[in-house]
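Here is how the chains run, residue by residue.
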Amino acid sequence: MITITAFSAIVLPIIFLVFLRFPAKTGMLYSAIIFISLAYFVWGVEGLPLIASIFEGFHQALTILFILLGAIALLNALRETGAVDRINQGFRNISADMRIQVIIIAFLFGGLIEGASGFGTPAAVTGPLMVALGFSPIAAATLALIANSTPVPFAAVGTPLIIGTGNVEGAGPEMFQEIALNITMMDLLVGTLIPTILIVVLTTGFGKTKGLKPVLAMLPWTLTIGAVYSVSALVYGILFGPEFISILAPLTGLAFATITAKKNILLPKDTWQEAMKEDFQVKEEKSEMSLFTAWSPYFIVVVLLLFTRIVEPVEQFTQQALDATWTDIFGVEGITSSWEVLYSPGAVLLLAAFISVYIQGKKIKTFGTAIKQSSSTVVGAALALFPTLALVHVFVNSDFNTMSELGTMPEYIAEVMAAGLGSVWLFIAPFLGLLGSFVTGSAVVSTLTFSPIQYNVALEAGFDQNLILAQQLAGAAGGNMICVHNVVAAAAVVGIVGSEGAIIRKTVLPAILYGLLVGVAGLLVNLIIL
């Protein structure tokens, strides 16, 4: 029964969302009720820590809802000002092909946002932007989630790597650099293939014409874009360390992709638009707004995110000026929920939306209208996020129990997986990281939780510890594709609350493939190390 309880945090959401096809607000509520009951009665989680963990989840849900509000408000503001129409025209001047647009927006621009911010922000920004360009909402949400994978280990100026592995023996700059280089070497395979995987999902999952012809026609370009991203990431890792990989590599890829798409280099002559919303109307009337002005709010977002994370005085101010952190909830030491409001990407997105109204020549009430339009979507997402995050934090804090021999459920799951599988751990390590992100919703939390176990298994099995830790991080990045609260957020920002199960059914195979590719890449890197 102990094993059933630990794994129920993984199994219950899959049953309710994927197989029974419940919307997340219902499926996650049932999952949370059953799981929390098992945690209390079987795992022996104490009453007060249990309640504190539930409220920690509620508090963390508010931080995510704040980001969603900012992302949706920004897009609504740009719709009101006419900037979205101008951005659409600009993309048509580069390419009207949706296969090209998804690589530029979801993979490269999303990677840049991830490098600057993290916190699940890329899908919240790129999903609505793709919808504005005509993508069907479910296609936009699915593709945004799949794309938000490769850049994740180096998100928010290297946070998952530096913080996630900071509790391992020997942690420090030298170890972080070794792990980063192992990740970027694995990405010579994994990262290079992600653009192609995105095109496969787009054309086979959302196209009207079945078959791989639209994929094969794009192969020269997608493989080249993937290689440019991955090779440049390795070079930047060698030159500058892990902090700026997911900023510089996407910028390099964006420059290359834009130039080659504009000049139609390595691309087919046909224009693929089969994932277009049925009622989408392309506005042919030329906008008077400049393309720079239309894009300026997104430039502001990137600059502000970098400014608040790199410039130390600004970073300290935003972290301390408006701190809504709830420390030692209900007096339970160690159960704390952080929320530095001005440091949150939500604050940056809202500020960008507010500034955009002025830059693009509209009245202040346009911003108010955008906020009002966004509120109903945020409320819908809240109904799913509150039970989801409650489950997550009871799961993570399950060491507050009356069973002296039991630690946390994540640790128990890792030990069960490690037993007898040490000899093939190169293929298991990524999936442990992936499962961690699937349940906790965070590559940082997954890595913080599992990196000591991964390190010990690597020692016992005779593998390079830094390689196994790199696989943990890479696998955790792949878990973002199916993480429930990321999926809830991605569905909410494109206006399809309740379709979370349908999205997971489309992202689960790419997530599994991602884990397998990390395993194969790890094996190849291990041969090089030996």
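Located above this text is the structure these notes cover.
Residues numbered from 1 in each chain as written. Predicted model: local features only at pLDDT ≥ 70, side-chain atom pairs only at ≥ 80, totals over all residues. Heavy atoms only, no water.

Undergrad: When you look at the packing of aromatic side chains in this model, what are you seeing that I'm missing?
TA: Any pair of aromatic rings gets described here by the distance separating the centres and the angle formed by the planes. Considering all chains together, one arrives at 22 aromatic pairs under this definition. On the numbers, 6.2 Å between centres and 25 degrees between planes, the contact of Tyr236 with Phe240 is stacked. One end of the pair is Tyr236 and the other is Phe240, both in helix α12 (residues 219-240) and four residues apart, which spans about a single turn. On the numbers, 5.5 Å between centres and 65 degrees between planes, the contact of Phe354 with Tyr358 is edge-to-face. Here Phe354 and its partner Tyr358 are both found in helix α16 (residues 345-359), four residues apart, which amounts to about one turn of the helix. Overall, Tyr358 belongs to the exposed group, its relative accessible area being 52%. Chaining the aromatic ring pairs together yields one cluster made of Phe91, Phe109, Phe292, Trp295, Tyr298 and Phe299. (Phe/Tyr/Trp six-rings, centres within 6.5 Å; stacked < 30°, edge-to-face > 60°. Helix = DSSP H or I, 4+ residues; strand = E, 2+ residues; numbered from the N terminus. Buried < 20%, exposed > 50% of the residue type's maximum accessible area, 1.4 Å probe, protein only.)

Undergrad: What is the right way to look at the packing of helix α1 (residues 2-19) against helix α18 (residues 409-418) in this model?
TA: When two helices pack together, their arrangement is given by the angle between the helix axes and the distance between those axes. Closest axis-to-axis distance for the α1/α18 pair is 10 Å, and the angle between their directions is 105 degrees. Our classification of the angle between α1 and α18 gives roughly perpendicular. Packed against α1, whose contacting residues are Ile2, Thr3, Thr5, Ala6, Phe7 and Ile10, the element α18 presents Met409, Tyr412, Ile413 and Val416 at the interface. Its residues assigned to classes, the contact of α1 with α18 comprises eight nonpolar, two polar and no charged. (Axes fitted to C-alpha atoms, helices over the stretch in contact; angles between N-to-C directions. Parallel < 35°, antiparallel > 145°, perpendicular 65-115°, else oblique. Contact = heavy atoms within 4.5 Å. Nonpolar A, V, L, I, M, F, W, Y, C, P; charged D, E, K, R; others polar.)

Undergrad: Sorry if this is basic, but what is going on with a nonpolar patch on the surface here?
TA: Taken together, Leu188, Val231, Val235, Ile238, Leu239, Phe240, Phe244 and Ile310 make up a surface patch of nonpolar side chains, about 710 Å² in accessible area. No other element matches α12, which puts five residues into the nonpolar patch. Its location among the elements puts Leu239 in helix α12. (Patch = residues over 30% accessible without salt bridge, like charges linked within 9 Å, V, L, I, M, F, W, Y side chains within 5 Å. Areas by Shrake-Rupley, 256 points an atom, 1.4 Å probe, with all protein chains shown as cover. Salt bridge = Lys/Arg side-chain N within 4 Å of Asp/Glu carboxyl O.)

Undergrad: Can you walk me through the side chain of Thr142 in this structure?
TA: Its place among the elements puts Thr142 in helix α7 (residues 137-147). Accessibility expressed as a relative area gives 0% for Thr142, which makes it buried. At 2.8 Å, the side chain of Thr142 forms a polar contact with the backbone oxygen of Ile138. Not counting residues within four places of it along the chain, the set of residues in contact with Thr142 comprises Val201, Phe206, Ile503, Lys506 and Thr507. (Polar contact = N/O pair within 3.5 Å; in protein donor to acceptor, adjacent residues only side chain to side chain.)

Undergrad: Looking at this structure, I do not really get the nonpolar core. What am I missing?
TA: The tendency in soluble globular proteins is for nonpolar side chains to be buried side by side. Counting residues in hydrophobic clusters, the biggest one holds 171 residues, and the most contacted among them are Leu68, Tyr298 and Trp425. Residues in contact with Leu68, not counting those within four places in the same chain, are Ala124, Val378, Ala381, Leu385, Ala489, Ala492 and Val493. If you look at the next biggest cluster of nonpolar residues, it comprises six residues, including Phe66, Ala73, Trp339 and Val341. (Core = buried A, V, L, I, M, F, W, Y, C linked by side-chain atoms within 4.5 Å.)

Undergrad: Any chance you could explain the environment of Leu48 here in plain terms?
TA: Mapped onto the elements of the fold, Leu48 is located in helix α3 (residues 47-81). Residue class for Leu48 comes out partly exposed when judged on its relative accessible area of 45%. C-alpha of Leu48 to C-alpha of Thr209: the two residues are 161 residues apart in sequence and 56 Å apart in space.

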